[in-house]
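The residues making up each chain are set out below.
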Amino acid sequence: MRDVTYLRPKDLQDAVQLSRTTPGCRPLAGGTDLMVMLHARTLRPAPRAILDVWSLSELKGVRRVDGMLEIGAAESYTGIIRSAEAQQHLPALVAAARTIGAAQIQNRGTLGGNLANASPAGDTLPVLLAYDAVVVTDRRSIAIDRFFTGYRHTALQSDELITAVRFPLDRQVVFRKVGTRAAQAISKVVIAVCRQPARVAIGSVAEVPLRASGAEAALASGDVAGAIAAVTADIRPIDDVRSTATYRQAVTQNVLRELLRQ
Amino acid sequence: MVQFTLNGRRVSFEGSGSRRLLDVLREDFRATGTKEGCGEGECGACSVLIDGDVVDSCLVAVGQVEGRDVLTIEGLSSPLQQAFIEHGAAQCGICTPGMLLAAHVLLQRTTRPSADDVREALAGNLCRCTGYTKIIEAVLSCGT
Ligand SMILES: Cc1cc2nc3c(=O)[nH]c(=O)nc-3n(C[C@H](O)[C@H](O)[C@H](O)COP(=O)(O)OP(=O)(O)OC[C@H]3O[C@@H](n4cnc5c(N)ncnc54)[C@H](O)[C@@H]3O)c2cc1C
Ligand code: FES
Ligand code: FES
């Protein structure tokens, strides 16, 4: 790791410039995904430089912008959990943040990192889908339902920096994560649901966090039982060391039933 | 160059900013009370405080502590330390520095924590020896 150059941009503009001009450059926020991969040397291609966006003030904070709530890409989960605006308008996001790792991870982990890492088990990602969040980058806005393009692939260009995530203020979203224990467990299934408009977003059940279109169509016409029946055809779970596909199908239906009863 | 405060002292580090804070603390500053368990953010043995927040130093690039205040076990002075000894809350001791720092943050923010508060605050710190009961009792004994 000693051969990786560390870059500390002085502001966002400097970061954007460095990201565009430095070959093999990788953004570093809280490091809770990237530092593990750097140390284990599992990144291909191996990065030649890390660009530290953690301290950029432009990427921090929770604020109102254009009638939406905007969270800086490098704001920590702890910052989101403590934000009065997030608690008021985005309780499902706060609930998701509280399930991520333990204090050490919540103090460093960020939405920008969760998005760019694009793990199918990323816990905030179904919540972002249920809110119809908008990913704001240094060059454009990307609707969240176009962001995940394949297994750990996103719509981001290689030098593109996420600067913020925007949320509408008036959504009622509920969230539930099923893992093996309360803290620091990778998810088996994560679901976020909105009734109006109908959104059913699920993580850990396919190669990407996805919107369950069949379940959403049923829910939009008020057919709760139909939504629960349809969801198994929407998801593509796998057997792995943590669970079987059959188990994930059953849990998804059970959790959706529970969320739709609320 | 990285300049930061380590246990109340201004220090500077000349090497690469991409090295892990954990390695720089242990190898360059000889602050070997900070332990490496997993190197993946799972175990909390490498916990330190940055500006008063508990973090895993194996996940921090040393360049990220520029201008920050870093506290390691060498700089901690808390009644928790005596309480851990009295309650037999340390066996092999690998988890102990991280446990103490995470518990210290809890006690600074919550004067009389419940056992559940302690469990939550220490959820990122694994112990393979004690079974946690004595650790939780030691922390609870320091609640005022
Ligand atoms: C012990 C442990 C427990 C965990 N538990 C959970 C959990 O319960 N749920 C969960 O979802 N995740 C979990 N994680 C994974 C991780 O904490 C999250 O994915 C976190 O959100 C990553 O954010 P970060 O800032 O640390 O990202 P980093 O590690 O800094 O970066 C991750 C990736 O995102 C890129 N990136 C970062 N910021 C930007 C940006 N602004 N623009 C463009 N690219 C960027 C980096 O280049 C890198 O590819 C856990 C990790 C650990 C070590
Ligand atoms: S060594 Fe850092 S968390 Fe285990
Ligand atoms: S005392 Fe050995 S790991 Fe905790």
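Residues numbered from 1 in each chain as written. Chains lettered and ligands numbered in written order. Predicted model: local features only at pLDDT ≥ 70, side-chain atom pairs only at ≥ 80, totals over all residues. Heavy atoms only, no water.

Peer 1: I would appreciate a short explanation of the overall build of chain A in the present structure.
Peer 2: Across its full length, chain A carries 11 helices and 14 strands. Taken over the C-alpha trace, chain A has a radius of gyration of 18 Å; the compact-globule value for 262 residues is 18 Å, and the two agree within 12%. Taking the principal axes of the C-alpha coordinates as reference, chain A spans close to 55 × 45 × 30 Å. Among the 262 residues that make up chain A, the fraction classed as buried is 57%. Looking at chain A alone, contacts between residues at least 24 apart form 60% of all its contacts between residues at least 6 apart. Carbon and sulfur atoms make up 50% of the accessible area of chain A, which totals about 11,200 Å². Both charge centroids of chain A, one from 32 positive and one from 24 negative side chains, sit 5 Å from each other. (Helix = DSSP H or I, 4+ residues; strand = E, 2+ residues; numbered from the N terminus. Rg over C-alpha atoms; globule rule 2.2 N^0.38 Å. Buried < 20%, exposed > 50% of the residue type's maximum accessible area, 1.4 Å probe, protein only. Contact = heavy atoms within 4.5 Å. Areas by Shrake-Rupley, 256 points an atom, 1.4 Å probe, with all protein chains shown as cover. Lys, Arg positive; Asp, Glu negative; His and termini not counted. Charge placed at Lys NZ, Arg CZ, Asp CG, Glu CD.)

Peer 1: I tried to follow the domain arrangement of chain B on my own but got confused; where do I start?
Peer 2: Many descriptions give the size of an interface as the accessible area lost when the pieces come together. All names here are of chain B. Assigned domains within chain B: domain 1 (2-73) and domain 2 (79-141). Here the C-alpha centre of domain 2 lies 21 Å away from the C-alpha centre of domain 1. Each partner contributes to the interface: domain 1 provides 15 residues, whereas domain 2 provides 13 residues. Taken together, both faces of the contact between domain 1 and domain 2 bury some 1,100 Å²; the carbon and sulfur share is 65%. Viewed at the interface, domain 2 and domain 1 are joined by one salt bridge. (Domains from an automatic or database assignment. Buried area = accessible area lost by both parts, 1.4 Å probe. Salt bridge = Lys/Arg side-chain N within 4 Å of Asp/Glu carboxyl O.)

Peer 1: Could you clarify how one ought to interpret the packing of helix H2 (residues 79-87) of chain B against helix H3 (residues 96-109) of chain B in this entry?
Peer 2: The packing of two helices is summarised by the inter-axis angle and the distance between the axes. All names here are of chain B. It is at 10 Å that the axes of H2 and H3 come closest, and there the two elements cross at 125°. When the axes of H2 and H3 are compared, the pair comes out oblique. Where H2 crosses over H3, the two elements pack in a sense that is right-handed. Residues Leu80, Gln81 and Phe84 of H2 touch H3, and the partners they reach there are Thr96, Met99, Leu100, Ala103, His104 and Leu107. The residue inventory of the contact of H2 with H3, partitioned by class, reads six nonpolar, three polar and no charged. (Axes fitted to C-alpha atoms, helices over the stretch in contact; angles between N-to-C directions. Parallel < 35°, antiparallel > 145°, perpendicular 65-115°, else oblique. Left-handed = near helix turned anticlockwise from the far one by under 90°. Nonpolar A, V, L, I, M, F, W, Y, C, P; charged D, E, K, R; others polar.)

Peer 1: Quick question: what am I supposed to make of the interface of chain A and chain B here?
Peer 2: Contacts between the two partners involve 27 residues from chain A, matched on the other side by 31 residues from chain B. Carbon and sulfur atoms make up 50% of the area that chain A and chain B hide from each other, which totals about 2,300 Å². The interface formed by chain A and chain B holds two salt bridges in total. Here Glu66(B) and Arg8(A) are joined by a salt bridge, their closest N and O atoms 3.8 Å apart. Run the count over chain A and chain B and you get 12 residue pairs in polar contact (both at pLDDT 80 or more). Of all the secondary structure elements, the ones that give two or more residues to the side of chain A that touches chain B are helix H2 (34-40), strand E3 (49-52) and helix H6 (103-106) of chain A. Its residues assigned to classes, the side of chain A that touches chain B comprises 13 nonpolar, eight polar and six charged. (Polar contact = N/O pair within 3.5 Å; in protein donor to acceptor, adjacent residues only side chain to side chain.)

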